[in-house]
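Summary of structural features
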Amino acid sequence: MMTTHDLDMTVTVARLLFQERRLAYAVTNDDARVVQIGGAVELFNSRGSEGVGASIYDLTPELIGSEHDLAEIRAGRLPRLELSWLNRDAGNDNTFYLNLINLPYHDAEGRICGVVHLMEDSTMKGELGQRLVQQRNEMRLLRDQLLQQNQRLASVNAELKRADEMKSMFVSIAAHELRSPLASVSGYLEMLLEGMFGAVSAKQEEALHVVEQSVGRLLSITSNLLDATRLEAGRVELVLVPIHLPELLRAVVAELTPQIEAKEQRLQISVAPDLPPVLCDRTRMAQVLQNLLSNACKYTNRQGEIMVEAALAAEPGFVQITVRDNGIGIAEGDQERLFSRFFRGEGAYLSGEAGAGLGLHIARALTDLHGGRIWVESEVERGSAFFVTLPIADVESL
Ligand code: ADP
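Residues numbered from 1 in each chain as written. Predicted model: local features only at pLDDT ≥ 70, side-chain atom pairs only at ≥ 80, totals over all residues. Heavy atoms only, no water.

To continue, consider the site of the ligand. Neighbouring the ligand are 22 residues, the closest being Asn-295, Tyr-299, Arg-344, Gly-345 and Leu-360. One of the side-chain N or O atoms of Asn-291 is found 3.4 Å from an oxygen atom in the ligand. Here Gly-357 contributes a backbone N or O atom positioned 3.1 Å from an oxygen atom of the ligand. Coverage of the ligand by the protein chains reaches 97% of its 520 Å² of free accessible surface. At the level of elements, helix H7 (282-298), helix H9 (359-370) and strand E12 (383-391) are the ones that each hand at least two residues to the shell around the ligand. In terms of residues, the shell around the ligand owes the most to one element, H7, which gives 4 residues. Looking at side-chain class alone, the shell around the ligand contains 11 nonpolar, 8 polar and 3 charged residues. (Near = heavy atom within 4 Å. Polar contact = N/O pair within 3.5 Å; in protein donor to acceptor, adjacent residues only side chain to side chain. Areas by Shrake-Rupley, 256 points an atom, 1.4 Å probe, with all protein chains shown as cover. Helix = DSSP H or I, 4+ residues; strand = E, 2+ residues; numbered from the N terminus. Nonpolar A, V, L, I, M, F, W, Y, C, P; charged D, E, K, R; others polar.)

In structure tokens form, the structure reads like this:
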């Protein structure tokens, strides 16, 4: 049973609740006349006690038109009637919003003897709701924009990929088509130089050698272009066999000796004793080392020094080959970029040496394919050292 004290407390708390939450209530009788009113009564267009006896339709004009529903509540056939977003002018261009809930009012015996009208200020909720809806709409818009952007990106990507494939195909066809006429030019040159078409004067021979050199350069550019496109498309397969480095290094050096001698450079080879064989594709590794040695010769002055070394690498299971020179060196900012395609350092242009900037790009791709590493250390005007590591061949398991 509720004591008087309990009742007092409930009334106090209810009052606080009405103020805090901006709630008001009115109880009406069968004639829709107010018999009791309380809480934040201004929500009902009322100043309090003078509301008693007034028609609920005067206090809340929005209920006009709901007479039938209110009668249904009184008759116990409708459990509730809710009207949302009633608005009131709060002055200063402000509007506040109200929620009105109409419920049956029961007497002590539990009989319906009127209607309770609960009015609630829902302005805050309304603003929050509006903001939420607005943010949800903005999010939806952003998501749609993002989706569209993604679609556009995907199609641009596909186009780029197609263009890249077309470019690779074009380069590869062009290089391929250039090779046959170049091979024929080179064959005829050889025959001319051998005197098969009659005697060749010293002056003519000199000119023919210049042509021969240019043809050689063109052939190397075309084969580099073909290699680069093949490597990029993953169409290069290695034939890995155990190789003894001293023998491979000798062959590479022999190939480049004329070029090195022409610049009167000094070349030293140093191979650590008992170096184990490495696992590599002989032709492809020769190509990598030839490129390094040819660069050392190209980018080192006359009478410069070149060193080729092979020894166990710091990394266990690997052998390291070093090609060192005391040439023009490479600026620090350029060092990593040397390995990207078509990149040539400033020094290369100043040196006047020919090249397409593909050699190191190919060398890195080939070394990677071997499971090894290639890198450079260099100082401008002091020289450069290129390092290549290759896995030691585990001969017993082969
Ligand atoms: P290319 O020699 O045809 O230009 P590479 O890819 O072989 O192309 O080399 C790229 C660039 O790296 C060269 O243009 C040059 O600037 C630089 N480079 C390579 N090796 C050396 C070296 N030993 N000394 C100085 N610069 C070098």
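So that's the structure; there's more coming.
In this structure, Leu-245, Leu-248, Leu-293 and Phe-386 are the most contacted members of the largest nonpolar core, which totals 42 residues. The biggest single contributor to this core is H7, with 8 residues. Excluding its chain neighbours within four sequence positions, the residues that come into contact with Leu-245 are Leu-275, Val-278, Ala-310, Val-319 and Ile-321. Judged by nonpolar contacts, the second largest core, of 24 residues, contains Val-34, Ala-40, Leu-86 and Val-115. (Core = buried A, V, L, I, M, F, W, Y, C linked by side-chain atoms within 4.5 Å. Buried < 20%, exposed > 50% of the residue type's maximum accessible area, 1.4 Å probe, protein only. Contact = heavy atoms within 4.5 Å.)

Our focus in this paragraph is the packing of aromatic side chains. Two numbers describe a pair of aromatic rings. These are the distance of the centres and the angle of the planes. Applying the stated criterion to the full structure yields 5 aromatic pairs. Pairing Trp-85 with Tyr-97 gives two aromatic rings, centres 6.1 Å apart and planes at 85 degrees, and the pair type is edge-to-face. Highlighted residues: Trp-85 in strand E3 (residues 81-91) and Tyr-97 in strand E4 (residues 94-106), separated in sequence by 12 residues. Among the residues examined, Trp-85 registers a relative accessible area of 48% and is labelled partly exposed. A centroid spacing of 6.2 Å and a plane angle of 15 degrees characterise the contact between Tyr-188 and Phe-197, whose relative ring orientation is stacked. Looking at Tyr-188, the relative accessible area reads 48%, which means it is partly exposed. Above the plane of the ring of Phe-96 lies Arg-22, whose end atom (NZ or CZ) is 5.5 Å from the centre. (Phe/Tyr/Trp six-rings, centres within 6.5 Å; stacked < 30°, edge-to-face > 60°. Lys NZ or Arg CZ within 6 Å of the ring centre and 35° of its normal.)

Spatial ordering of the open sheet is given by E7-E9-E10-E12-E11, a layout of 5 strands whose pairing is mixed. This sheet does not close on itself; its edge strands, each paired only once, are strand E7 (266-271) and strand E11 (373-379). For this sheet the average axis-to-axis angle between neighbouring strands, irrespective of direction, equals 10 degrees. In the sheet, strand E10 (residues 318-325) pairs with E12 via 8 bridges, with the strands oriented antiparallel. Each bridged residue has a counterpart across the sheet, and for Thr-322 the counterpart in E12 is Phe-387. (Pairing = 2+ DSSP bridges. Axes fitted to C-alpha atoms, helices over the stretch in contact; angles between N-to-C directions.)

Here we come to the sheet that holds strand E1 (residues 23-28). With respect to topology, 5 strands assemble into an open sheet ordered E2-E1-E5-E4-E3, the strand pairing being antiparallel. The outermost strands of the open sheet, each flanked by one partner alone, are strand E2 (34-39) and E3. Across the sheet, the mean angle separating the axes of adjacent strands is 20 degrees when strand polarity is ignored. As paired elements, E1 and E2 share 5 bridges and run antiparallel to each other.

The final tally for this structure, using the stated rule, is 21 salt bridges. One salt bridge connects Glu-72 with Arg-77, and the closest N-O pair in it is separated by 3.0 Å. For Arg-77, a relative accessible area of 57% corresponds to the exposed category. We note a salt bridge from Asp-144 to Arg-143, for which the minimum N-O separation is 3.8 Å. (Salt bridge = Lys/Arg side-chain N within 4 Å of Asp/Glu carboxyl O.)

A few words on H9. The end-to-end C-alpha distance of H9 is 17 Å, a good match for the 16 Å that 12 residues give at a rise of 1.5 Å each. Residues of H9 that are buried: Gly-359, Leu-360, His-361, Ile-362, Ala-363, Leu-366, Thr-367 and His-370. Contacts made by the buried residues of H9 are with helix H5 (202-232), strand E8 (278-280), H7, E11 and E12. Just past H9, the residue Gly-371 takes up positive phi, approximately 85 degrees. (Expected span 1.5 Å × (residues − 1).)

When the terminal C-alpha atoms of helix H4 (residues 123-193) are compared, their 101 Å separation across 71 residues agrees well with the 105 Å that a helix rising 1.5 Å per residue should span. Considered for burial, the residues of H4 that qualify are Thr-123, Gly-126, Ser-168, Val-171, Ser-172, Ala-175, Leu-182 and Leu-189. In the segment just after H4, Gly-195 is the residue with positive phi, at about 80 degrees.

So yeah, pure geometry; function would need other evidence.
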